[in-house]
Amino acid sequence: VEKYFNSPQSFLGKMSFFGIIHSGNYTTTSIQGSQVTSSVFEYGIGAHYHFGGSPLSYNKFIPFAGGSIGIGSVSDDVQVLTANSTTPSSTEEGTSSFISVAAGLKYFTRAGFGARVLIDYYQRSETYEIENSDENFAKTVAGPRILLGLAYRF
């Protein structure tokens with residue numbers, strides 16, 4: 001969901017603000033056969049600044065740059081497989097926070113349908129409280145992404 005402002009002469013006329021909900025599941029298998037299934041559910045907010053003409057333009061490319069921040073929950077389910085046996089899986093649950101910076105292009109038709117492409121750098125920090133331990137475990141997921149999307153402008 002993205003909110004635009006119809007004030008072409010003000011700074012807010014070039015801005016838009018949006019909300020994010022992200023859910024993902026990833027499974028990785030090691031060469032020995034062990035598996036890690038990571039699940040993430042995040043939500044956050046962000047803003048875009050639009051260059052050139054109005055962000056409410058139709059039938060032209062609208063360049064933009066922006067960023068987002070948010071929080072969420074994560075879980076890692078680990079199953080260790082060996083040649084002779086399979087250990088029961090263990091699940092660790094934790095919290096996450098993320099930040100991203102992006103640049104991209106939007107395009108909308110007069111009928112309200114649109115598309116966007118953006119390249120961003122995304123970084124998520126995860127913290128797990130390990131049961132029966134006084135220490136927390138932390139890991140970071142980071143790197144560039146290319147995102148494509150479809151939109152409808154009301």
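Further up the page is the structure itself.
Basis of the calculations
Residues numbered from 1 in each chain as written. Predicted model: local features only at pLDDT ≥ 70, side-chain atom pairs only at ≥ 80, totals over all residues. Heavy atoms only, no water. Pairing = 2+ DSSP bridges. Helix = DSSP H or I, 4+ residues; strand = E, 2+ residues; numbered from the N terminus. Axes fitted to C-alpha atoms, helices over the stretch in contact; angles between N-to-C directions. Buried < 20%, exposed > 50% of the residue type's maximum accessible area, 1.4 Å probe, protein only. Contact = heavy atoms within 4.5 Å. Patch = residues over 30% accessible without salt bridge, like charges linked within 9 Å, V, L, I, M, F, W, Y side chains within 5 Å. Areas by Shrake-Rupley, 256 points an atom, 1.4 Å probe, with all protein chains shown as cover. Salt bridge = Lys/Arg side-chain N within 4 Å of Asp/Glu carboxyl O.

1. Some thoughts on the pairing of strand β2 (residues 15–29)
Bridging between strand β1 (residues 2–4) and β2 involves three bridges; their strand directions are antiparallel. Paired with Glu2 across the bridge in β2 is Phe18. Pairing of β2 with strand β3 (residues 35–50) involves 15 bridges; the strand directions are antiparallel. Opposite Ile20, over in β3, you have Gly44 as the bridge partner. A loop of five residues connects β2 with β3, the two strands running antiparallel in sequence, and Gly33 in this loop sits at a positive phi of about 105°.

2. A closer look at the sheet that holds β2
One open sheet accounts for seven strands, arranged β1-β2-β3-β4-β5-β6-β7; its pairing is antiparallel. Each edge of the open sheet carries a strand with a single partner, namely β1 and β7 (136–152). The sheet shows a mean angle of 20° between the axes of neighbouring strands, direction not considered.

3. Things to note about the environment of Phe17
On the secondary structure map, Phe17 appears in strand β2. You can call Phe17 partly exposed: its relative accessible area is 36%. Spatially, the C-alpha atoms of Phe17 and Ile69 are 12 Å apart, while their sequence positions differ by 52 residues. If sequence neighbours within four positions are ignored, Phe17 has contacts with Val1, Glu2, Lys3, Phe5, Leu12, Gly46 and Ala47.

4. Regarding a nonpolar patch on the surface
Residues Phe61, Leu105, Val117, Ile119, Ile146 and Leu148 make up a contiguous nonpolar surface patch of about 630 Å² in total accessible area. Elements with a minimum of two residues in the nonpolar patch: β6 (113–129) and β7. In this fold, Ile146 is placed in strand β7. Here Ile146 falls in the exposed class, since its relative accessible area comes to 64%.

5. Considerations on the side chain of Ser16
Residue placement: Ser16 occurs in strand β2. The residues contacting Ser16, other than those within four sequence positions of it, are Glu2, Lys3, Tyr4, Gly46, Ala47, His48, His50 and Lys106.

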